[in-house]
Amino acid sequence: MDPFFLLLYVLVFPGFLFLAAYALFLAYLDRKVGARMQHRVGPPLLQPLADFVKVLGKEVIDPRGVDRPAFDAAPLLALAAVMTAFLYVPVIGPSPVAFQGDLVLVLYLLTLPTVALFLVGWLSRIVYSTVGGVRAVTQLFIYEVPFFLALLAPAIAAGTWSISGITALQAGHPWFALLQPIGFVVALVGLQAKLERTPFDIPEAETEIVAGPWTELTGRRLALMILANEMSLVVGAGLVAALFLGGPSVPAWVPAGPVAALAGFALFLVKTIAILLVLASVKVMTGRIRIDQLNDVGWKYLANAALLQVALVLFMGFWGVGT
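Residues numbered from 1 in each chain as written. Predicted model: local features only at pLDDT ≥ 70, side-chain atom pairs only at ≥ 80, totals over all residues. Heavy atoms only, no water.

**Some words on the overall build of the protein**
Scanning the protein from terminus to terminus reveals 13 helices and zero strands. Mapped in sequence order, the helices and strands of the protein form the string α-α-α-α-α-α-α-α-α-α-α-α-α. Relative to the compact-globule value of 20 Å for 323 residues, the protein shows a C-alpha radius of gyration of 20 Å, a close match. Considered along the principal axes of its C-alpha atoms, the protein spans approximately 60 × 50 × 40 Å. Out of the 323 residues in the protein, the part that is buried amounts to 50%. Once local pairs closer than 6 in sequence are excluded, the contacts in the protein between residues at least 24 apart make up 81%. For the protein, the accessible surface area stands at approximately 14600 Å², while carbon and sulfur atoms represent 71% of it. (Helix = DSSP H or I, 4+ residues; strand = E, 2+ residues; numbered from the N terminus. Rg over C-alpha atoms; globule rule 2.2 N^0.38 Å. Buried < 20%, exposed > 50% of the residue type's maximum accessible area, 1.4 Å probe, protein only. Contact = heavy atoms within 4.5 Å. Areas by Shrake-Rupley, 256 points an atom, 1.4 Å probe, with all protein chains shown as cover.)

Here it is, written out as C-alpha cells:
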C-alpha cells in the first residue's frame, strides 16, 4: 500500500478519527437505548462529545505520593493499545496491515486497558482504588479464558489466525454464529465482562467502592481513560462481528469496487450496532453480581461451554475448510 494511503488509513479512516467518532456515537446509542428501556428521554446526540471535552479541560489532581509519570502513562497505554488493535479489525474489507496471527495480537492488545486500569488503582494509594484494581485484574483472569477459547473456535474452523482471513471465509460459507452458537454466546458474555459493563461492573462498584480504580482519575487522565473504554466497545464489537458474523464481507455476487466497499462498511455498522443493542439490553436488565459469583459463572459454565465448542469444531473437522 502507498505510504500516504497507509497513513490516511491509520489516522483518518478507518483509523483514529473514525474510531473516536464511532466510539462516541456508540456511547450515545448505549445511553439512549438504556434510557428508553427505563422510560427516560436520554441524552442528546452530542452529549458524549460534550462530556469528553468538559472532562478534558478539568484540573489534573495528583494523589499524594503518586508516581506521576506512571499515572500519566497508564491512560495513554490503554488508548494506544485499543487504537492499534482496531487497525486489524476489518471495516470496509481486509485490513491492509493484516498478517497471519493478528488475532493473537489483537487479543493481547485488548488485555492492556485492564492492566492499565489495575496500575491506576494500585498507584492511587487509596483503598477504594486498590480494591477496584485488584478486582479488575481478578476479573480478567476469570473471563479471559472462556473469551479466548470462544474466539479460538472460528480460527480453528477457518484454518487461519488472521481476522481478515476468517472474515473472508464467511463470504462464501454460513456465518460462524450459526455454526458455533455456543461460542458466539460465550464471546458476547466475555465481551460484556471485558468492558466491565453490568452485571460485570465489579471493579467500579459505585455502591461499594465509590468508582474503584477510576476514583482518583481526573482531568485529561479520566478523559483519555473514558475514551479508551468507549473505543474498546467498538473494537470488541467489531472483532466479534468479524469472527462470527462475517464482518464487512459481502456476498460473492457483489462486484468488487466502490459498491462492495460501501456495502461492506454498511454491514460493519449494522452488525456492530446490533451487538451493542444486545450488550445494552443485558446491561439494563441485570444487576451487578459478586466476584465469587462471577468466578463460578466463568469457570463452571463459560469455560466449559467454550471448551465444548472447541471440541465440537475439532470433532466435525472444520479446521480444513478454506485452506
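**Some thoughts on the packing of aromatic side chains**
Throughout the structure, instances matching the rule amount to 10 aromatic pairs. With centroids separated by 6.2 Å and ring planes inclined at 40 degrees, the aromatic side chains of Phe25 and Tyr28 adopt a geometry described as tilted. Of the two residues, Phe25 and Tyr28 are both situated in helix H2 (residues 16-37); the distance of three residues between them amounts to about one turn of the helix. According to the relative accessible area criterion, Phe25 is partly exposed, its value standing at 31%. (Phe/Tyr/Trp six-rings, centres within 6.5 Å; stacked < 30°, edge-to-face > 60°.)

**As for the packing of helix H9 (residues 181-194) against helix H12 (residues 258-285)**
Viewed as axis vectors pointing N to C, H9 and H12 meet at an angle of 65 degrees, and their least axial separation amounts to 11 Å. Taken together, the axes of H9 and H12 lie roughly perpendicular to each other. The two elements H9 and H12 meet at a crossing, and its hand is right-handed. Residues Leu188, Leu191 and Gln192 of H9 touch H12, and the partners they reach there are Ile275, Val278, Leu279, Val282 and Lys283. The residue inventory of the contact of H9 with H12, partitioned by class, reads six nonpolar, one polar and one charged. (Axes fitted to C-alpha atoms, helices over the stretch in contact; angles between N-to-C directions. Parallel < 35°, antiparallel > 145°, perpendicular 65-115°, else oblique. Left-handed = near helix turned anticlockwise from the far one by under 90°. Nonpolar A, V, L, I, M, F, W, Y, C, P; charged D, E, K, R; others polar.)

**Brief notes about the environment of Ser124**
Within the secondary structure, Ser124 is located in helix H5 (residues 102-124). Excluding residues that lie within four positions of it along the chain, Ser124 makes contacts with Pro63, Phe71, Ser129 and Glu216. A distance of 2.6 Å separates a polar atom in the side chain of Ser124 from the backbone oxygen of Val120. (Polar contact = N/O pair within 3.5 Å; in protein donor to acceptor, adjacent residues only side chain to side chain.)

**Describing empty space enclosed by the protein**
Scanning the entire structure with this criterion turns up one cavity of 30 Å³ or more. Forming the boundary of the largest cavity are 15 residues, of which Pro113, Thr114, Lys194, Asn229 and Ser232 lie nearest the centre. Those elements giving two or more residues to the lining of the largest cavity turn out to be H5, H9 and helix H11 (219-244). Tallied by class, residues from the lining of the largest cavity come to nine nonpolar, four polar and two charged. (1 Å grid on protein atoms, 1.4 Å probe; cavity = no way out; pocket = protein on both sides within 12 Å on 5 of 7 lines; lining within 4 Å. Points joined across faces, edges and corners; volume = space filled by probe spheres on them.)

**Description of the packing of H11 against H12**
The relative placement of two packed helices is expressed as an angle between their axes plus a distance between the axes. Here H11 crosses H12 at 110 degrees, and the two axes come no closer than 9 Å. Between H11 and H12, the angle falls in the class roughly perpendicular. Note that H11 runs across H12; the crossing there is right-handed. Contact with H11, carried on its side by Leu233, Ala237, Gly238, Val240 and Ala241, involves Phe268, Lys271, Thr272, Ile275, Leu276 and Leu279 of H12 and no other residues of that element.

**Here we look at helix H3 (residues 47-56)**
Among the residues of H3, those classed as buried are Pro48, Phe52 and Val55. Relative to the axis of H3, the buried residues are bounded by an arc of 75 degrees and lie together on one face. Elements that come into contact with the buried residues of H3 comprise H2 and H11. (Arc of directions from axis to C-beta.)

**Some thoughts on the layout of surface pockets**
Its boundaries defined by the atoms lining it, the largest pocket holds a volume of some 870 Å³. For the largest pocket, the lining is made up of 24 residues, of which Glu204, Ile226, Asn229, Glu230 and Lys283 are closest to its centre. Breaking the lining of the largest pocket down by element, the ones donating at least two residues are H2, H3, helix H10 (206-209) and H11. Per element, the largest residue contribution to the lining of the largest pocket is five residues, and it comes from H11. Looking at the lining of the largest pocket, its residues break down into 10 nonpolar, three polar and 11 charged.

**Focus on the pattern of salt bridges**
Scanning all chains against the criterion turns up 12 salt bridges. For the salt bridge of Asp72 with Arg221, the shortest nitrogen-to-oxygen distance reads 2.6 Å. Taken as a pair, Asp72 in helix H4 (residues 68-86) and Arg221 in helix H11 lie far apart in primary sequence, 149 residues in all. You can call Asp72 partly exposed: its relative accessible area is 22%. The exposure class of Arg221 is buried, given its relative accessible area of 2%. (Salt bridge = Lys/Arg side-chain N within 4 Å of Asp/Glu carboxyl O.)

**Looking at the side chain of Gln180**
Here Gln180 lies in the loop between helix H8 (176-179) and H9. Residue contacts for Gln180: discarding those within four places in its chain leaves Ala153, Pro154, Ala157, Phe244, Gln309 and Val313.

**Side note on the nonpolar core**
Of all hydrophobic cores here, the largest spans 85 residues; its most connected members are Phe86, Leu239, Phe244 and Ile275. Filtering out sequence-adjacent residues up to four positions away, Leu239 remains in contact with Val89, Leu103, Val106, Leu107, Leu110, Leu151 and Ile163. Ile142, Tyr143, Ile202 and Leu294 belong to the second largest nonpolar core, which has seven residues in total. (Core = buried A, V, L, I, M, F, W, Y, C linked by side-chain atoms within 4.5 Å.)

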